[in-house]
Amino acid sequence: LKNFTVIVTEGRPTMSGLKCAKTLRQAGIPVRIIQDSAVGFFMEQVDMVITGAEGVVENGGVVNKIGTYQMALIAKACKTPFYVATESYKFTRMFPINQSELKDLNKNRTTSPTDENGIVVDSPVVDFTPPQYITLLFTDLGVLTPSAVSDELIKLYL
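The present account deals with the structure reproduced in this document. Note that the structure is a prediction, hence the values are computed from the model and not measured.

Each value, and the rule that gives it
- Residues numbered from 1 in each chain as written.
- Predicted model: local features only at pLDDT ≥ 70, side-chain atom pairs only at ≥ 80, totals over all residues.
- Heavy atoms only, no water.
- Helix = DSSP H or I, 4+ residues; strand = E, 2+ residues; numbered from the N terminus.
- Buried < 20%, exposed > 50% of the residue type's maximum accessible area, 1.4 Å probe, protein only.
- Contact = heavy atoms within 4.5 Å.
- Areas by Shrake-Rupley, 256 points an atom, 1.4 Å probe, with all protein chains shown as cover.
- Pairing = 2+ DSSP bridges.
- Axes fitted to C-alpha atoms, helices over the stretch in contact; angles between N-to-C directions.

## Details of the overall build of the chain
- Scanning the chain for helices and strands turns up four helices and eleven strands.
- Counting across all 158 residues of the chain, residues that qualify as buried make up 35%.
- Long-range contacts, defined here as pairs at least 24 residues apart, represent 69% of the contacts in the chain between residues at least 6 apart.
- Of the accessible surface of the chain, which amounts to about 9700 Å², a share of 55% is contributed by carbon and sulfur atoms.

Laid out in structure tokens, this is it:
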């Protein structure tokens, strides 16, 4: 039996990481919370990254909470496996190429002035992680490579 600790990012702007950490703790799983911006600092301490997905697109990339893309980039740079756990009902024929194509998904993002000078904090809620940064996807259909997603979509939509 291997001892492990789950490291969870805060999950700003919705603080979803804090909710996740609380659930893990209640289940008796050791957990630490880190700042979203501290992923690079802590990446060398982890054996793998496992994240969820709001959606999995045709090319095998994922749309997920903001910060997933930067986490994947850092994991790749540190040669840390980056896994996505998701259900096949989240597979979609959507095909974003870059972050700007998510503007409809980010239409509810938080933008608010922070002071009398009108400085705005812009907080998108999702980003796109391209498939080349994803090691494997763990799904109800089995373990898939990102390139296998399009084959599964064909089966689902035929």
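## Let's talk about the sheet that holds strand 9 (residues 126-129)
- The strand order 4-5-9 describes an open sheet built from three strands, whose pairing is antiparallel. Looking at strand neighbours, the two that pair on one side only are strand 4 (55-56) and strand 9, the edges of this open sheet.
- Here strand 4 runs beside strand 5 (residues 62-65); their pairing, made up of two bridges, is antiparallel. Its bridge partner lying in strand 5, G55 is registered against V63.
- Relative to the sheet, helix 3 (residues 68-77) contacts strand 5 and strand 9, its axis offset from that of strand 9 by approximately 35°.

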